[in-house]
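Structure assessment
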Amino acid sequence: MLDLAIFIQNLANGLLIGGVYALIGVGLTLVFGVMRTINFAHGDFVVLGMYGAVLFDLVFGFDPYLSLLIALPVAFVVGMVVERAILAPIADAPAESSLLATLGLSLIIGNLLLLTFGGEPRSVQVPYASDTVRIGEVNLSVVLLAAGAATTAMIGALYWFLERTERGRAVRATAENRLGAELVGIDTRRVQSFVFGMGTALAVTAGVTLIPLLFATPTFTGAIFTLKAFVVTVLGGLGRVGAAIGGGLLLGVVEVLGASYFLSEYRDAYGLLAFLLVLLLRPEGLFGKTVKRV
Amino acid sequence: MPQEFTSPILSVENVDLGYGALQVVTDVSLHVGAGELVGLVGGNGSGKSTILRAISGMITPFGGRIVFDGEAIRAAAPHQMAARGLAHVPMGRQLFPNMSVRENLLVGATLPAARAARARSLEEVRALFPELDAHMDAPAGQLSGGQQQMVAIARALMLRPKMMIMDEPSIGLAPRLVKDVMAAIRRVAHTGLPILLVEQNVKQVLAVCDRAYVLENGRLALEGSAAELQGHPLVRKAYLGL
Ligand SMILES: Nc1ncnc2c1ncn2[C@@H]1O[C@H](COP(=O)(O)OP(=O)(O)OP(=O)(O)O)[C@@H](O)[C@H]1O
Ligand SMILES: [Mg+2]
């Protein structure tokens with residue numbers, strides 16, 4: 001017997017969580033688009049956001065959503081610096097070098113967090129953690145709604161940037177054809193560090209947004225979220241922002257529905273199952289176009 | 001010849017070029033004067049693209065030098081050469097396939113100076129390529145090969161360049177489209193823009209250009225006016241099949 005109100009509530013929760021996954025996937029996809037490299041440290045940037053919020057909570061007692069105002073610009077700058085310092089110098093080396101570099105970065109971030117915060121799981125308890133808003137028969141968690149608002153704002157801003165600004169157009173051009181972009185006068189090296197900064201900021205935002213909802217540990221959580229980011233982008237189709245959003249929402253819904261109608265301890269496995277099915281049946285991704293090159 | 005008295009916009013002076021330890025171009029000198037359409041022709045692997053890469057700052061000469069607009073070219077990223085007024089229409093067009101034709105053209109005017117004149121450039125370019133009018137909002141990747149080549153040239157013009165270099169614009173096109181593209185290049189040259197046109201299609205190039213250089217195995221074999229080269233026994237035998 002399927003209770004409609006509960007189903008709608010699960011669906012809404014799935015979409016709200018999925019929005020955060022979308023942020024993570026979009027960051028990975030943007031970086032892949034302009035740098036043609038998979039960032040294996042992406043999930044660790046998410047965790048960096050989580051521990052940033054933990055720190056702000058411990059030291060200043062800041063609400064995570066308030067700490068976002070500081071975390072966002074800091075993450076952007078950190079991402080740009082990391083790109084300049086670590087990835088730019090090996091830009092012309094074989095492709096596996098940048099892959100290995102991000103893998104190394106992942107190890108460094110995870111272990112620095114371990115060193116600083118220790119291995120026990122951390123979270124941020126917000127006073128409104130169990131508050132809900134009732135719409136008809138459906139109860140929605142305030143924390144999830146806040147997460148939804150934050151992700152909608154971020155994705156809206158991102159779309160505005162990519163579609164409506166000069167620099168956004170340069171980013172899209174660089175992603176579509178780096179040589180073509182360079183020849184019209186776009187400094188694609190600068191675009192790359194800028195986009196890496198954006199990707200980092202998106203990951204950190206997702207981490208800050210999620211920390212009231214879960215417990216994080218330094219290395220394990222990063223690996224989980226890097227994996228989720230892969231799942232999201234492959235579900236949608238790698239390299240396209242809209243597809244990553246679709247993939248993120250889908251992953252959220254699959255996880256929440258799976259956990260509420262089947263065994264909840266396998267929550268992360270349902271996403272992987274969907275991932276495998278998509279890979280088998282539609283390897284170009286659910287929303288991916290058949291690849292066309294000029 | 002007036003261009004003998006004014007300094008050329010581009011002069012390549014005794015350059016040796018190559019990749020790593022491999023030298024592929026030896027002691028090549030050529031120049032392009034104001035308002036000239038100059039051809040650079042040669043067979044597969046003769047070093048034509050390598051010369052264009054050096055002009056765009058993608059590779060540094062082993063020896064010799066290249067002077068563009070009165071200043072020597074050093075190892076610079078291509079975007080810096082674009083900022084100096086060099087438009088490079090690369091091999092394979094390198095368009096932004098999912099962006100509309102209009103956006104491809106707008107991206108062509110990204111640099112501040114070009115951006116200031118963007119609306120005017122767009123009008124001028126559309127007047128030069130009326131065949132693109134019907135496709136302005138279509139993704140560039142959906143156009144025919146000939147139209148895509150027009151977009152690539154039009155995008156380069158949006159830079160309001162001082163000179164244009166082109167790498168095999170006719171490659172892979174049906175003969176009728178080759179004629180269209182060559183006619184378009186002729187129209188661009190008529191605006192007074194100096195052009196260095198690299199091609200394997202010797203017949204078509206000699207039909208449109210003022211002068212040409214013939215490259216063989218990384219060395220200049222011949223140079224002269226289009227009329228001289230069309231009558232040259234070596235060119236007639238090796239390239240025109242006469
Ligand atoms: N990136 C590279 N690394 C090493 N060798 C290269 C590279 N690019 C070209 N070459 C070599 O340099 C030589 C000249 O190549 P280039 O591309 O300049 O010839 P081309 O005249 O443009 O030929 P085509 O008409 O086929 O385009 C060739 O032997 C080629 O194999
Ligand atoms: Mg070539």
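Located above this text is the structure these notes cover.
In this report, the structure presented in the accompanying data block is examined. Predicted, not measured: the structure shown is a model, and the values here were computed from it. (Residues numbered from 1 in each chain as written. Chains lettered and ligands numbered in written order. Predicted model: local features only at pLDDT ≥ 70, side-chain atom pairs only at ≥ 80, totals over all residues. Heavy atoms only, no water.)

1. Overview of the side chain of glutamate 199 of chain B
All names here are of chain B.
- Topologically, glutamate 199 is positioned in strand β8 (residues 195-199).
- No salt bridge is formed by the buried glutamate 199; the nearest opposite charge belongs to lysine 48, separated by 8.2 Å.
- Setting aside residues up to four positions removed in sequence, glutamate 199 forms contacts with Leu40, Val41, Gly42, Lys48, Glu168, Pro169, Ser170, Met182 and Val205. (Helix = DSSP H or I, 4+ residues; strand = E, 2+ residues; numbered from the N terminus. Buried < 20%, exposed > 50% of the residue type's maximum accessible area, 1.4 Å probe, protein only. Lys, Arg positive; Asp, Glu negative; His and termini not counted. Salt bridge = Lys/Arg side-chain N within 4 Å of Asp/Glu carboxyl O. Contact = heavy atoms within 4.5 Å.)

2. Observations concerning empty space enclosed by the protein
- Enumeration according to the criterion identifies one cavity of 30 Å³ or more in this entry.
- Size it by volume and the largest cavity reaches roughly 70 Å³.
- Contributing to the lining of the largest cavity are Gly180, Leu183 and Val184 of chain A together with Ala87, His88, Val89, Pro90, Gly108, Ala152, Arg155, Ala156 and Leu159 of chain B.
- Counting residues per element, the ones that place at least two in the lining of the largest cavity are α7 (178-183) of chain A together with β6 (86-89) and α6 (145-157) of chain B.
- A class-by-class count of the residues in the lining of the largest cavity yields eight nonpolar, three polar and one charged. (1 Å grid on protein atoms, 1.4 Å probe; cavity = no way out; pocket = protein on both sides within 12 Å on 5 of 7 lines; lining within 4 Å. Points joined across faces, edges and corners; volume = space filled by probe spheres on them. Nonpolar A, V, L, I, M, F, W, Y, C, P; charged D, E, K, R; others polar.)

3. Some details on the sheet that holds strand β2 (residues 22-32) of chain B
Residue and element names in this part refer to chain B.
- An order of β2-β1-β4-β5 is seen for the four strands of this open sheet, with the pairing classed as antiparallel. Both outer strands of the open sheet, β2 and β5 (71-72), are each paired with one neighbouring strand and no more.
- Here strand β1 (residues 10-19) pairs with β2 via seven bridges, running antiparallel. Paired with serine 11 across the strands is histidine 31, a residue of β2.
- Of the strands in this sheet, β1, β2 and β4 (63-68) are in contact with helix α1 (residues 48-55), which crosses β1 at around 115 degrees. (Pairing = 2+ DSSP bridges. Axes fitted to C-alpha atoms, helices over the stretch in contact; angles between N-to-C directions.)

4. With respect to the packing of aromatic side chains
All names here are of chain A.
- Summed over the entire model, instances satisfying the criterion amount to nine aromatic pairs over all chains.
- Ring centres of phenylalanine 45 and phenylalanine 196 lie 6.1 Å apart, and the angle between their planes is 80 degrees; on these two criteria the pair is classed as edge-to-face. With phenylalanine 45 in helix α2 (residues 42-60) and phenylalanine 196 in helix α8 (residues 188-210), this pair connects stretches of sequence that are 151 residues apart.
- Residue phenylalanine 45 is classed as buried on the basis of its relative accessible area of 1%.
- Overall, phenylalanine 196 belongs to the buried group, its relative accessible area being 1%.
- A ring pair is formed by phenylalanine 56 and phenylalanine 62, whose centres lie 5.7 Å apart and whose planes are at 10 degrees; its orientation type is stacked. (Phe/Tyr/Trp six-rings, centres within 6.5 Å; stacked < 30°, edge-to-face > 60°.)

5. Quick word on the nonpolar core
- Ranked by internal contacts, the top residues of the largest apolar core, which has 79 residues, are Ile24, Val26, Leu30, Leu158, Val171, Ile186 and Phe225 of chain A.
- In terms of residue count, the dominant contributor to this core is helix α1 (residues 4-35) of chain A (13 residues).
- With near-sequence residues (within four places) excluded, phenylalanine 225 of chain A lies in contact with Tyr21, Ile24, Gly43, Val46, Met50, Leu210 and Leu214 of chain A.
- Among the nonpolar cores identified, the runner-up in size contains 55 residues, and Leu122, Ala154, Ala189 and Ile195 of chain B belong to it. (Core = buried A, V, L, I, M, F, W, Y, C linked by side-chain atoms within 4.5 Å.)

6. Focus: the site of ligand 1
Residue and element names in this part refer to chain B.
- Around ligand 1, the structure places 14 residues, and the nearest of them are Asn44, Lys48, Ser49, Thr50 and Glu168.
- A distance of 2.8 Å separates an oxygen atom of ligand 1 from a polar atom in the backbone of glycine 45.
- At a separation of 2.5 Å, an oxygen atom of ligand 1 approaches a polar side-chain atom of threonine 50.
- Relative to its unbound accessible area of 630 Å², ligand 1 is 62% covered by the protein chains.
- Residue assignment for the shell around ligand 1 shows that the elements contributing at least two residues are β2 and α1.
- In terms of residue count, the dominant contributor to the shell around ligand 1 is α1 (four residues). (Near = heavy atom within 4 Å. Polar contact = N/O pair within 3.5 Å; in protein donor to acceptor, adjacent residues only side chain to side chain. Areas by Shrake-Rupley, 256 points an atom, 1.4 Å probe, with all protein chains shown as cover.)

7. A few points about the interface of chain A and chain B
- Across the boundary between the two partners, chain A contributes 19 residues, which contact 27 residues of chain B.
- Our count for the chain A to chain B interface comes out at three salt bridges.
- Across the salt bridge formed by arginine 172 of chain A and glutamate 103 of chain B, the nearest N and O atoms sit 2.7 Å from each other.
- The interface formed by chain A and chain B contains eight residue pairs in polar contact (both at pLDDT 80 or more).
- Residue assignment for the side of chain A that touches chain B shows that the elements contributing at least two residues are α6 (166-176) and α7 of chain A.
- Within the side of chain A that touches chain B, the residues separate by chemical class into seven nonpolar, three polar and nine charged.

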